[in-house]
Structure formats: C-alpha cells, structure tokens
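# Chain and residue survey
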Amino acid sequence: MAKSPEEQHPQKVYGWAARDSSGILSPFHFSRRHEIVGVVTKTGSNVTKFKEGERVGVGVIVGSCKTCETCQQDLENYCPQVVFTYNSLDLDGTKTYGGYSNVVVVNQRYVLRFPDNLPPDAGAPLLCAGVTVYSPMKYYGMTEPGKHLGVAGLGGLGHVAVKLGKAFGLKVTVISSSPDKEAEAIDRLGADAFLLSSDPAKIKASLGTMDFIIDTVSAVHPLTPLLALLKLNGKLITVGLPDKPLELPIFPLVMGRKLVGGSDIGGIKETQEMLDFCAKHNITADIELIRMDEINTAFERLAKSDVRYRFVIDVDNSLSQ
C-alpha cells in the first residue's frame with residue numbers, strides 16, 4: 001500500500017496558502033512565490049512545532065543542509081545548499097514552485113508562526129521585504145534610538161525600512177530621485193525628512209549628517225553622493241540588486257573610516273524575530289490585493305513601477321470563486 005504524504009514526509013507541515021506576495025524575479029519572468037501566509041491543514045508524524053489550524057508563514061527558504069556552520073548559527077539563508085521556495089531544487093531533487101497554489105508542503109524548520117494581529121495580506125511581504133531590511137539593521141547596529149538613518153529608494157523595501165527605522169527610534173530621511181514621493185514619505189510613512197537627490201543645495205546641506213544609509217535601489221546608481229552624506233564611521237548598507245556592478249570610490253571610505261556592506265534576507269530565527277517585532281509595532285507592508293486572474297495586468301504595471309508597494313495575490317478566494 002502506498003504511503004500517505006504525511007507518512008512520506010513526517011517532518012513537513014501542510015499549509016493552506018491563503019495569501020502570496022508577488023513580483024518579477026528575472027528576465028525569464030519567474031514569479032516571486034516566496035511570501036506565503038496560510039493555515040496548517042495537516043502535519044507529519046514527527047512535527048512538534050505546529051498543529052492544525054495555526055496561522056503560519058513560509059518565506060524565501062524551504063530547505064538547507066542543517067549541518068554547516070551557517071545553519072548551526074541560524075543563518076540558513078547563507079547555507080551553500082540553501083533551497084529557495086521557488087525555482088530551486090530540493091535536497092531530494094524535486095523542483096520547488098513556490099506559493100501560487102492552495103497547498104504547500106514545507107519542513108517544519110522553515111515554517112514561521114504568523115502573529116495573530118498581523119493581517120495575512122499586508123503581512124505577507126514582510127517574509128521577504130521585511131527581513132531583507134530588518135536583518136542588516138540589526139547586524140550593522142542601525143537600531144540605536146536618536147541615530148540618523150537614510151533610506152535610499154522608496155519602494156517595496158524602502159517603505160518598510162522607513163517604518164522599521166521609526167519603530168527603532170531613529171531619525172529617518174528618505175533619499176529619492178522622485179520629488180513626487182516627498183508627501184508619501186513624510187505624511188504617510190512618517191519619515192522625518194525627504195532629500196531629493198537631484199537638489200544640489202539640499203544635498204550640500206545634508207553632507208556628513210547621517211549615521212547609516214540603507215540603500216534599497218536596484219537600478220545602477222552612483223555611491224559617491226551617498227557616501228558623502230555619511231558621518232565619520234558611517235555605514236552604507238546595500239540590499240538592492242542592480243543588474244550591473246556599481247563603482248565603489250575608495251577615497252571617501254579611507255578619509256571618513258566609512259563602511260560599505262551588504263545583506264541577504266535572514267535566517268528563520270531572525271525572520272520570526274522580525275515578524276514578532278512588526279506585530280508589536282503594528283508594521284505591515286503597503287499593498288494592493290489582487291486576484292489570480294489579474295496577474296498579467298499586475299506584471300505590466302510592475303514593469304512601469306506602478307505599484308505601491310507590493311501586489312499580493314488572494315489565492316484562496318481566487319480559487320474558491
């Protein structure tokens with residue numbers, strides 16, 4: 001007699017994927033099916049962390065070797081054998097397809113408890129966008145109240161960085177090339193100031209005023225102006241992914257003892273910490289909820305940067321109707 005799925009995968013949690021945050025991943029138009037929130041419907045016999053009926057989330061990672069140094073430090077996202085939720089090969093050789101489905105099956109190590117007071121739709125993008133900015137803010141010390149944080153770029157990552165920065169007690173300045181985003185940054189997201197990158201006078205007045213800058217810009221852009229905004233010992237941390245290398249000037253680093261670093265999402269433990277922090281401070285992503293039959297239109301709008309700031313697909317209601 002064939003074994004049931006639960007018997008074949010005793011460590012795995014079977015979830016009902018009610019929400020899935022989406023975007024464009026690459027020129028091949030793979031979908032970003034890695035921000036999933038739902039309810040546990042079944043568990044394998046060895047599952048101890050979750051039970052049926054619990055709200056859970058699945059982020060970017062669904063597997064890793066579990067034994068290497070990074071896994072032992074709860075940094076599964078840096079594991080050489082990391083398995084991503086979409087377009088990746090699992091350790092058993094099967095392909096991962098992400099969350100465009102009404103059911104996903106995941107090893108309990110990579111499942112997250114989703115706080116009750118976080119809405120599933122606006123909370124789903126935190127599983128990637130949230131931890132992508134939370135992790136470097138924690139690691140590089142961008143959490144000291146009263147310090148000055150610059151957020152370069154006000155998009156899917158940047159708007160969450162503003163909210164997290166304010167929750168940490170930082171003074172937050174949004175740095176943008178778009179003058180239309182000033183009211184959004186200050187009036188809607190709560191930033192303390194807005195700096196238009198094409199305004200020489202304001203840039204000059206802001207030189208050497210920031211302790212940290214988190215750079216979320218994914219287009220090719222110069223780093224020299226950002227480095228000039230930093231104080232002595234300032235840190236410029238990039239989480240955007242431009243498709244071409246950026247030029248890194250060494251002179252301002254040497255003369256200001258400044259640091260340029262990077263960061264890639266976070267491990268499962270830190271992602272859970274981020275979710276709990278966001279729940280405590282009522283932080284969610286700004287989203288547009290769409291049905292599955294609206295995906296093509298959403299892709300067209302994404303290509304024009306016409307989204308504020310994440311499309312989230314209501315998988316459950318789309319399939320049930």
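Residues numbered from 1 in each chain as written. Predicted model: local features only at pLDDT ≥ 70, side-chain atom pairs only at ≥ 80, totals over all residues. Heavy atoms only, no water.

## Observations concerning the packing of aromatic side chains
Enumeration over the complete set of coordinates arrives at four aromatic pairs. Ring centres of Tyr134 and Phe277 lie 5.8 Å apart, and the angle between their planes is 50°; this geometry places the pair in the tilted category. Residue Tyr134 is found in helix H4 (residues 129–139), and its partner Phe277 is found in helix H10 (residues 268–280); the two are separated by 143 residues along the sequence. For the ring pair Phe168 and Phe277, a centre distance of 4.7 Å and an interplane angle of 25° mean the geometry is stacked. Of this pair, Phe168 sits in the loop between helix H5 (158–167) and strand S11 (171–176) while Phe277 is found in helix H10, placing the two residues 109 residues apart along the sequence. The pair Phe168 / Phe277 is uniform in exposure class, with both members buried. Through a chain of ring-to-ring contacts, three or more aromatic side chains come together here, namely Tyr134, Phe168 and Phe277. (Phe/Tyr/Trp six-rings, centres within 6.5 Å; stacked < 30°, edge-to-face > 60°. Helix = DSSP H or I, 4+ residues; strand = E, 2+ residues; numbered from the N terminus. Buried < 20%, exposed > 50% of the residue type's maximum accessible area, 1.4 Å probe, protein only.)

## So, the packing of H4 against H5
Where H4 meets H5, the closest approach of the two axes is 9 Å, and the angle between their N-to-C directions is 45°. In terms of orientation, H4 lies oblique with respect to H5. Of the two elements, H4 crosses H5, and the hand of that crossing is right-handed. Packed against H4, whose contacting residues are Gly130, Val133, Tyr134 and Met137, the element H5 presents Val160, Ala161, Leu164 and Gly165 at the interface. (Axes fitted to C-alpha atoms, helices over the stretch in contact; angles between N-to-C directions. Parallel < 35°, antiparallel > 145°, perpendicular 65-115°, else oblique. Left-handed = near helix turned anticlockwise from the far one by under 90°. Contact = heavy atoms within 4.5 Å.)

## Considerations on the pattern of salt bridges
Scanning the model with the defined rule gives 12 salt bridges in all. The closest approach of N and O atoms between Glu54 and Arg113, which form a salt bridge, is 3.1 Å. Here Glu54, found in the loop between strand S2 (36–43) and strand S3 (55–58), pairs with Arg113, found in strand S9 (residues 111–113); they are 59 residues apart in sequence, far enough to count as distant. Since its relative accessible area comes to 38%, Arg113 is described here as partly exposed. Glu184 is the partner of Arg308 in a salt bridge, and the nearest nitrogen-oxygen pair spans 3.1 Å. Placement of Arg308 in the loop between helix H11 (295–303) and strand S17 (310–314) and of Glu184 in helix H6 (residues 182–188) is noted, with a sequence separation of 124 residues between them. Of the residues examined, Arg308 reaches a relative accessible area of 45% and is grouped as partly exposed. Its relative accessible area of 8% is what places Glu184 among the buried residues. (Salt bridge = Lys/Arg side-chain N within 4 Å of Asp/Glu carboxyl O.)

Shape is all these values report; function is a separate question.
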